[in-house]
Every structure is written in C-alpha cells, then in structure tokens.
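Survey of secondary and tertiary structure
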Amino acid sequence: RTFYDRVCDFLGIDRFPTNYSFKAHSTEERKAYTAAGKKADLCQHPEALEKVRAFLRERQEHQHIAKLLAQSGAPWVSRRLLLGEDHCP
C-alpha cells in the first residue's frame, strides 16, 4: 500500500481509495500471465499516463535507455524507444 501511495504522490495524482484491494498480477511467469489475458495497462489511465510521459520526456529517459542498450551490445533498439513513444493511442 505504501508503495502505491508513494507512486501516486510522485505522479501528483489522487491516491487509491483506502478500501482498494491490490492484487498480485505479473508475479508469475510472463507467458502464463499473458496467456490468461491479463495485463497491466497504463493506457487506460490517461491522467497517470500523461504524467509518466512528461516525466520520461523531461528527463530524456528514452534516449538514455536507448544509449545504454546500444552501449551494452544489444542487437537492436526499438523504434518506439528511440522516438520516445509508447504503445498507447
């Protein structure tokens, strides 16, 4: 609970209601997780999504990550990462 409160405070958005129940998603093996049709989707939360986008854009995090991947010898770097884009519409 404390973690989620801190994330909301950092993003400058309202905290989750006190009666909200956090469930353990993405804790099992990824293939089984996605096969079950589950996913955590920030795209469904436009206010939070824009805060994350602004944070990453202001700090040029996408460019830093792309540079680190290239320096580490990664065989390719995603076009979206290079352009600072995400998969949300």
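Counting restarts for each chain, with residues numbered from 1 along the sequence as it is written. Totals for whole chains, interfaces and linings use every residue, but because this is a predicted model, local features are given only for residues with pLDDT of at least 70 and side-chain atom pairs only at 80 or more, for both listing and counting. Heavy atoms throughout the structure, all of them, feed into the side-chain values; hydrogens and water do not.

Put simply, DSSP H or I for four residues or longer makes a helix, DSSP E for two residues or longer makes a strand, and each gets a number counted from the N terminus. Tracing the sequence through the fold places Gly12 in the loop between α1 (2-11) and α2 (30-35). Sequence separation between Gly12 and Ala48 is 36 residues, and the spatial gap between their C-alpha atoms is 8.6 Å.

Okay, the packing of aromatic side chains next. Pairing of aromatic side chains here covers Phe, Tyr and the six-membered ring of Trp, requires ring centres within 6.5 Å, and sorts the geometry by plane angle: under 30 degrees stacked, over 60 edge-to-face, intermediate tilted. Following the criterion strictly, the structure yields seven aromatic pairs and no others. Ring centres of Phe10 and Phe55 lie 5.0 Å apart, and the angle between their planes is 75°; this geometry places the pair in the edge-to-face category. Of this pair, Phe10 sits in helix α1 while Phe55 sits in helix α3 (residues 46-58), and the two are 45 residues apart along the sequence. By relative accessible area, which is 25% here, Phe55 ends up partly exposed. Each ring, one from Tyr20 and one from Phe22, has its centre 5.0 Å from the other, and the planes form 65°; the classification is edge-to-face. Any residue under 20% of the maximum accessible area for its type is buried, any over 50% is exposed, and the rest in between are partly exposed; the area is computed with a 1.4 Å probe on protein chains only.

A few words now on α3. Along its 13 residues, α3 runs 18 Å from first to last C-alpha, staying within 8% of the 18 Å computed at 1.5 Å per residue. All buried positions along α3 are accounted for by Ala48, Leu49 and Ala54. Given the number of residues in a helix, its expected span is that number minus one, multiplied by 1.5 Å.

Another point: the confidence of the model for the chain. As a per-residue measure, pLDDT tells how confident the predictor is, with possible values from 0 to 100. The predicted model of the chain has a mean per-residue pLDDT of 81, with 82% of residues at 70 or higher. Element-level mean pLDDT values for the chain span from 65 in α2 up to 92 in α3.

Right, let's get into the state of the cysteines. Cysteine sulfur pairs qualify as disulfides if the two atoms are within 2.5 Å. Applying the stated rule across the entire model yields one disulfide. At a sulfur-sulfur separation of 1.8 Å, the disulfide partner of Cys43 is Cys88. One disulfide, between Cys43 and Cys88, carries an S-S torsion of -80° and so falls in the left-handed class. With a gap of 45 residues between them, Cys43 in the loop between α2 and α3 and Cys88 in the segment after α5 (79-83) connect regions that are remote in the sequence. Classification of Cys88 as buried rests on a relative accessible area of 11%.

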